[in-house]
Structure formats: structure tokens, C-alpha cells
Amino acid sequence: MTTTTRLPTTFQRFRRLRRTEALRNLMAETRLDARDFVYPLFVTHGRGVRNEIASMPGQFQLSLDQLAAEAQELRDLGIPAVLLFGLPASKDSLGHEAYAEDGIVQQAVRALKEAEPTLCVICDVCLCEYTDHGHCGIVSASGEVENDTTLELLARTAVSQVEAGADMVAPSDMMDGHTAALRVALDDAGYTATPIMAYAAKYASAFYGPFRVAAESAPQFGDRRGYQMDPPNAREALREIEAEVAEGADIVMVKPALPYLDVLSQARQSFDLPLAAYNVSGEYAMLKAAIQNGWLDERRATLEALTGIKRAGADVIITYHAKEAARWLATGKA
């Protein structure tokens, strides 16, 4: 007679709830949704312009006449928002086109709102794309980026964007006091209901390289480490976020996302405001390069990265993967 040794029952069988896809879906603690995404757009002057960005496959510099089709596609995919970056016709030391009534971003806001009024249009507020020196503010004779004089131009930029129809503004310059300056200017202009999404913990990251090519915004001298955050610092990020909240930010952001998931998680535990994370150009390019070389499964790797960002605490994910991720999620193959 054969005897069977009975296994002890003290251990848990976690595999029971992983056995089928239906069970895994039912037990998922973190759920991605197209409604989590904000899709960045690079807009430029001209007509019929759709220039693919070499370091960001599938991303383009787009002229205004291309935006209606983009808005309709995003609507069909269930992606609720865009973040606009502009390539000006000309640049100067004060970045005049950033706050011009007929600036490229202001025109893009009007075009998108005409094409799809329900789309949430968010405008990046910074001067780096518009200045001939490529820095995010006014540069003094000694080569320093001036904080307080820059705030006035940032405030003018935000007001002009909202006057054009923007739903939200997002200061990314990392000048101290920028959210307070924008809040006062918007309120004084009668835009008390316009929210601010502050780039609160924006690090001086090596992962911005492809963006600076796409937006033609690389600094012409020096770098931005004097005003963007130092990568080793996490406690400082929490102080930055706390200051932005006190200044009136409605949403706070951590940028980049994947190298700073620890900061994102700490921010989620410390603050109750909506929390955004920017899955930046270098993160996108890194994945795309591995995918093009056949080293990673595109769908699985992309959705795993985005899920990690959401699991760390992001309510809003700004990502160049938004369209393809939305398509995969819609098929139920996430």
C-alpha cells in the first residue's frame, strides 16, 4: 500500500490567485487606464509639417494644421489631455514668443480647442525653447540665470496661454517662487479657476537629451544644474513640493519618473494633492531602442514601466507612450 506524505499547511499558496489571466486581472492592485495619461506635443510653424524625431521614434514636430487629427485620435483613444511645447519662429534673449499673443503655443491652444473642445490642454511654462541662449530664464551679464526677474516673464507667459484657451499651466523652469508668481498673475487677470501643475521636483537629469533635440532647447553654454534639482537629493524634493503646495500648486510633479520612483513614492505618502510623474524622453528612447533591437517585448515592457510609475503613486502620467498604451489597454491585453 502506497502512503502519501501530507505537506504541511502552514505556508500560503499565493499561486492560487495567479493561475489564470482572469484571476490575475481580478486581483490586480494597480490598474492603468488611458484616462491616466497626458500626451506631450511639439508644435511648430509652417504647414504640412510632420517631422519625426530621430531619437524618439513615433514622435513628431507638428505644424498647426496637423493638430486637429491629433486631437481626434486622442479623443478616440480616451486620452484626456495634452501638454504643449512650442518651437518658435525666432529666438531672442528674453524669449518673446513664449508670451506673444500669436506665439506658437497660443496658436496651438486655439487650434486644439477648436478641433476638440473637451480636450484638456495643458501648457508648459518655461523660456528655454524661446531664448537664444537656451536657458529657462533671463541671463545676467555674468552668465547667471536671474530668478526674480524671470518670474515676471513666466507669469506673462502663463496668462497669455490661458487667454488663448489653455485649461491648465505647468511651470517647468525651476525658478524659486514660480508657482506663487503664476497664481498671483492668473488671479489678477481673472483666471482664479485655472489650475497650476507645478514641476516641483524636477531633477537635472541626463534623461532629457532627446527632448532637447525635439524642442530645440539645449542650453548654448553651461547647464541647468544651478536651478534644477541635484539627483542624489530626495529629502530636498519633499521640501520643494511642500513649498509648491504652499504657493498654490493644484498638482505637483516628479520628473523624471523611472529613476525617481522612490521620490514619487515618498511624495505620495507625504502629500494628498494629485501627483503627476513625467515619463521623460530619455526613458522613452531607452525602451524604444531596446525594442527596436529585439531585446524587449514592446507591449509588456512599456506597460510594466507605466504600471510601475502608477504603483509608486502617480495619479497622472505624462508619457510619449500614451497612444500605444491606450490601444493595448483598450484591447484588454494589458
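The rules behind each value
- The residue numbers shown here count from 1 along each chain, following its written sequence.
- Per-residue local features are limited, in this predicted model, to residues with pLDDT of at least 70; the limit for side-chain atom pairs, both in listing and counting, is 80 or more; totals at the level of whole chains, interfaces and linings are taken over all residues.
- As a convention, hydrogens and water are excluded, and side-chain values are obtained from all of the structure's heavy atoms.
- Think of it this way: a Phe, Tyr or Trp ring, Trp meaning its six-membered ring, pairs with another when their centres are within 6.5 Å, and the plane angle makes it stacked under 30 degrees, edge-to-face over 60, tilted otherwise.
- Note on conventions: DSSP H or I runs of at least 4 residues are helices, E runs of at least 2 residues are strands, and numbering of each starts at the N terminus.
- The buried label applies to any residue whose accessible area, calculated with a 1.4 Å probe on protein chains only, is under 20% of its type's maximum; exposed applies above 50%, and partly exposed to all values in between.
- Two cysteine sulfurs form what is called a disulfide whenever their separation falls within 2.5 Å.
- Think of the arc as the fan of directions from the helix axis to the C-beta atoms.
- Note on contacts: a residue pair qualifies if any of its non-hydrogen atoms lie within 4.5 Å across the two residues.
- Working definition of a nonpolar core: buried Ala, Val, Leu, Ile, Met, Phe, Trp, Tyr and Cys residues. They are joined through side-chain atoms within 4.5 Å.
- Lining residues are those with an atom within 4 Å of a point, where the points come from a 1 Å grid over the protein atoms alone and group into cavities, where a 1.4 Å probe fits but cannot get out, or pockets, open sets with protein on both sides within 12 Å along at least five of seven lines.
- Grid points are joined across faces, edges and corners, and a volume is the space filled by probe spheres set on the points.
- Under the convention adopted here, Pro, Cys and the residues Ala, Val, Leu, Ile, Met, Phe, Trp and Tyr are nonpolar, Asp, Glu, Lys and Arg are charged, and Gly plus all remaining residues are polar.
- Salt bridge criterion: a side-chain nitrogen from Lys or Arg within 4 Å of a carboxyl oxygen from Asp or Glu.
- Only the contacting stretch of a helix is used when fitting its axis, a line to C-alpha atoms as for every element, and angles between N-to-C directions run 0 to 180 degrees.
- Each angle gets one of four labels, with under 35 degrees taken as roughly parallel, over 145 as roughly antiparallel, 65 to 115 as roughly perpendicular, and the rest as oblique.
- Crossings are sorted by hand: turned counterclockwise from the far helix by less than a right angle, the near helix makes the crossing left-handed, and turned clockwise it makes it right-handed.

(A) Molecular detail of the packing of aromatic side chains. According to the stated counting rule, one finds eight aromatic pairs in the structure shown. On the basis of an interplanar angle of 50° and a centroid distance of 6.5 Å, the ring pair of tyrosine 199 and tyrosine 278 is categorised as tilted. On the criterion of sequence distance, the pair formed by tyrosine 199 in strand E7 (residues 197-202) and tyrosine 278 in strand E9 (residues 275-279) is long-range, its members being 79 residues apart. Across this residue pair, the class does not change: tyrosine 199 and tyrosine 278 are buried. Here the aromatic cluster, defined as three or more aromatic residues joined through ring pairs, consists of Phe42, Phe85, Tyr199, Phe211, Tyr278, Tyr284 and Tyr320.

(B) View of the state of the cysteines. Taken as a whole, this structure holds zero disulfides when the rule is applied. Unpaired in this structure, cysteine 123 has its nearest cysteine sulfur neighbour in cysteine 120, at a distance of 9.8 Å. Cysteine 136 takes part in no disulfide bond, and the closest cysteine sulfur, belonging to cysteine 126, lies 3.5 Å away.

(C) The arrangement of helix H5 (residues 178-188) in detail. Within H5, burial applies to His178, Thr179, Leu182, Arg183 and Leu186. Axial view of H5: buried residues confined to an arc of 130°, hence all on one face. Here the buried face of H5 lies against strand E5 (120-125), helix H4 (147-163), strand E6 (168-171), E7 and helix H7 (235-247). Downstream of H5 by one or two residues, glycine 190 has phi in the positive range, about 95°.

(D) Quick peek at the nonpolar core. Counting residues in hydrophobic clusters, the biggest one holds 76 residues, and the most contacted among them are Phe37, Ile79, Leu84 and Leu112. Membership of the second largest hydrophobic core comes to 26 residues, among which are Val38, Phe42, Met253 and Ile318.

(E) Examining the layout of surface pockets more closely. There is about 230 Å³ of room inside the second largest pocket. Glu144, Val145, Met175, Gly226 and Tyr227 are the residues nearest the centre of the second largest pocket, which is lined by 15 residues in total. Of the residues belonging to the lining of the second largest pocket, the class tally is five nonpolar, five polar and five charged.

(F) Region of the structure containing the pattern of salt bridges. Within the structure shown, the criterion is met by 15 salt bridges. Residues aspartate 33 and arginine 35 are paired through a salt bridge, measuring 3.0 Å at the closest nitrogen-oxygen approach. The exposure class assigned to aspartate 33 is partly exposed, which follows from its relative accessible area of 25%. Here glutamate 70 makes a salt bridge to arginine 50, at a shortest N to O gap of 3.3 Å.

(G) Highlighting the packing of helix H9 (residues 281-292) against helix H10 (residues 298-312). Relative to each other, H9 and H10 sit at 160°, their axes nearing to 10 Å. One finds that H9 runs roughly antiparallel with respect to H10. Here H9 runs over H10; the crossing is right-handed. Residues Leu287, Lys288 and Ile291 of H9 lie in contact with H10, whose contacting residues are Glu298, Ala301, Thr302 and Ala305. Residues of the contact of H9 with H10, tallied by class, amount to four nonpolar, one polar and two charged.

(H) The arrangement of empty space enclosed by the protein in detail. A full pass over the atoms with the stated rule returns three cavities of 30 Å³ or more. Computed from the structure, the largest cavity encloses a volume of approximately 110 Å³. Lining of the largest cavity is provided by 14 residues; of these, Cys128, Lys202, Phe211, Arg224 and Lys255 occupy positions nearest its centre. Listed by contribution, the elements that provide at least two residues to the lining of the largest cavity are E7 and helix H6 (209-214). Residues of the lining of the largest cavity, tallied by class, amount to six nonpolar, two polar and six charged. The space that makes up the second largest cavity amounts to roughly 60 Å³. If you trace the second largest cavity, you find it lined by Tyr39, Pro40, Leu41, Phe42, Arg50, Gly58, Gln59, Phe60, Leu62, Glu70 and Lys323. Going through the elements one at a time, strand E1 (37-44) and strand E3 (60-63) are the ones with two or more residues in the lining of the second largest cavity.

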